Amino acid sequence: MKTSSLAEIAPDLAQAGAALERAARNARRLADQTDTPFYVFIDGKIVDLRKLEQESQIESTDSEPATQRDRM
């Protein structure tokens, strides 16, 4: 019995993953350009990924040791 690959059975479906990745990159780029939220599912919750990243950058900046200039 011959096994068929997904590309042989449904060529459009075989390319769907790559198309979804391109669409996600384009949506993220648009959100960055227009300063709008970029919502995704994380652990079953809808989260604004841009806001989450900004918060994590603020936390990492706050946890960095103070420079000598900051101490003056």
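A brief structural summary. What you see as residue numbers is a count from 1 along each chain, following the sequence as written. Selection of residues for local features in this predicted model requires a pLDDT of at least 70, selection of side-chain atom pairs for listing and counting requires 80 or more, and totals for whole chains, interfaces and linings are taken over all residues. Water and hydrogen atoms play no part in the side-chain values, which are based on all heavy atoms of the structure.

On to the pattern of salt bridges, then. Any carboxyl oxygen of Asp or Glu within 4 Å of a side-chain nitrogen of Lys or Arg constitutes a salt bridge here. Enumeration over the complete set of coordinates arrives at four salt bridges. Residue Arg28 pairs with Glu53 through a salt bridge whose shortest N-O separation is 2.5 Å. With Arg28 in helix α3 (residues 16-34) and Glu53 in helix α4 (residues 49-63), this pair connects stretches of sequence that are 25 residues apart. Judged by relative accessible area, which is 31%, Glu53 ranks as partly exposed. Arg50 serves as the salt-bridge partner of Asp35, at 3.3 Å between the closest nitrogen and oxygen. Of the two residues, Asp35 is situated in the loop between α3 and β1 (39-42) and Arg50 in helix α4; the sequence distance between them amounts to 15 residues. Assessed through its relative accessible area of 13%, Arg50 is described here as buried. When salt bridges with common partners are traced through the structure, they connect Arg28, Asp32, Asp35, Arg50 and Glu53 into a single cluster. Helix and strand assignments follow DSSP, with helices taken as H or I runs no shorter than four residues and strands as E runs no shorter than two, numbered in order from the N terminus. For the exposure calls, accessible area comes from a 1.4 Å probe over protein chains only, and a residue counts as buried if that area is under 20% of its type's maximum, exposed if over 50%, partly exposed in between.

DSSP-based pairing: two strands are paired if at least 2 bridges between them are found. Inspection of the sheet shows β1 paired to strand β2 (residues 45-48) by four bridges, in the antiparallel sense. When the bridges of β2 are listed, Ile42 appears paired with Lys45. Hairpin connection of β1 to β2: two residues between the antiparallel strands, including Asp43 at a positive phi of 50°.

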